[in-house]
Amino acid sequence: MNDQSKQFLFDLLQSASPSAFEEPAARIWRKEAESFADEVTVDSNGNSIARLHGDGPKVLIEGHIDEIGLLISYIDDDGYVWFNPIGGWDDRILTGQRVRILSANGPVPGVIGRRPAHLLSAEDRGKASKLKELWIDIGATSGEQARERVSIGDPMVIEQPIVDLGNNRIAGRGIDNRMGAWIALETLRALSSNRPAADVYALAAVQEEITFLGGRTGAFALDPDVAVVLDVTHATDHPDADKRGQGDVRVGGGPVLTRGATVNPRVLQRFADLARANEIPFAIEAAGRSTGTDADGIAPARGGIPTGIVSIANRYMHSPNEVISLDDLDAAVRLIALFVADLGGSADFTRR
Ligand SMILES: [Zn+2]
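Residues numbered from 1 in each chain as written. Predicted model: local features only at pLDDT ≥ 70, side-chain atom pairs only at ≥ 80, totals over all residues. Heavy atoms only, no water.

Caption draft 1: Representation of the layout of surface pockets in the model. Put simply, the largest pocket is a space of about 560 Å³. Of all elements in the fold, only β13 (226–234), α7 (243–246), β15 (283–287) and β16 (307–314) reach the threshold of two or more residues within the lining of the largest pocket. Classifying every residue of the lining of the largest pocket gives seven nonpolar, 14 polar and six charged. (1 Å grid on protein atoms, 1.4 Å probe; cavity = no way out; pocket = protein on both sides within 12 Å on 5 of 7 lines; lining within 4 Å. Points joined across faces, edges and corners; volume = space filled by probe spheres on them. Helix = DSSP H or I, 4+ residues; strand = E, 2+ residues; numbered from the N terminus. Nonpolar A, V, L, I, M, F, W, Y, C, P; charged D, E, K, R; others polar.)

This is how it looks when you write it as structure tokens:
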């Protein structure tokens, strides 16, 4: 990964893009796209699209740019701020975190509070706190003062800078799935200097974590001949993993290809063949039901779109410290660029 691409990744990860409030990260994505794409657009849902013109089949490479977050539901008369989740949180990890509230007047820092453990009943002490028992303290001395600084519906993210763990591994917040939007655009960048026949669209889709809005509407609007969906998947190389249920998925083990639900088997086969031929390590993940990715919205769009899923192994998903390997990101870019180039002038994935 060169310095420019790494800086782009870190800029995306340091911005905030809770679902339905993706604009800050999407602006960074489009600005980067403008340096090499033929066309960069944004629509009324917030979907950002970068295109490389071609006469061949229409290819969609999609990664959702939203992340899970929180939003203000109520401000009480003592100035405490109450909140609802945006997306699927593990309530256990919210206690004691710092937040960045995205108010109309800019970022407002806060801390998530709860009753100290010393003052809990013996029975409650061993239990994780539930989200509805937590509040946010922004240092306000009254409800009136708090309401001047933040408003109902203001979104927020956990404040957590990215850390480099060495071995090309990083930890940070919302790697799910800004790194997918990054791979989509970096693939387009790679193809821009070695033009394929295909007409290629990178899509940074909104709201995957809550409604699948961007994947669904993006696939309908673009009507591609084939789609590649990027997301994170659960790594099973940690001490409490269940390989029997989840397979052998390793951080640094290369891209993970989904087999089963929503995925077109011929798209999968082509990815696996290209990975083997080019000595790119990869893993296969089995999906016996819907995948929980944007593929669930893209594959059934219109009359059905042949779709593949390329995932990146991620430890501690939906925590403020998700861990991935940058090597896996580079390998995914390389593999998808090979897939697009290999299509040539046709993309027939009919299952006979
Ligand atoms: Zn997620």
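Caption draft 2: Region of the structure containing the packing of aromatic side chains. Taken as a whole, this structure holds four aromatic pairs when the rule is applied. Every member of this aromatic cluster is reached through a ring pair, and the members are Tyr80, Trp82 and Trp135. One residue, arginine 302, lies across the ring of phenylalanine 220, its end atom 4.0 Å from the ring centre. (Phe/Tyr/Trp six-rings, centres within 6.5 Å; stacked < 30°, edge-to-face > 60°. Lys NZ or Arg CZ within 6 Å of the ring centre and 35° of its normal.)

Caption draft 3: Spatial organisation of the sheet that holds strand β17 (residues 322–325). Here three strands make up an open sheet; going across it, the order is β10-β11-β17 and the pairing antiparallel. Only two strands of the sheet have a single neighbouring strand rather than two, namely β10 (163–166) and β17. Shown here is a sheet whose adjacent strand axes are inclined to one another by a mean of 30°, direction ignored. As paired elements, β10 and strand β11 (residues 169–172) share three bridges and run antiparallel to each other. (Pairing = 2+ DSSP bridges. Axes fitted to C-alpha atoms, helices over the stretch in contact; angles between N-to-C directions.)

Caption draft 4: Broad picture of the sheet that holds strand β3 (residues 58–64). What the eight strands build is an open sheet, ordered β1-β2-β12-β3-β13-β16-β14-β15; its pairing is mixed. Edge positions in the sheet fall to β1 (39–42) and β15, since each of these pairs with one other strand and no more. Neighbouring strand axes in the sheet, compared pairwise and without regard to direction, differ in orientation by 25° on average. Pairing of β3 with β13 involves five bridges; the strand directions are parallel. Each bridged residue has a counterpart across the sheet, and for isoleucine 61 the counterpart in β13 is valine 228. Along the sheet, helix α2 (residues 23–33) makes contact with β1, β2 (48–52) and β12 (199–205), crossing β2 at roughly 15°. (Contact = heavy atoms within 4.5 Å.)

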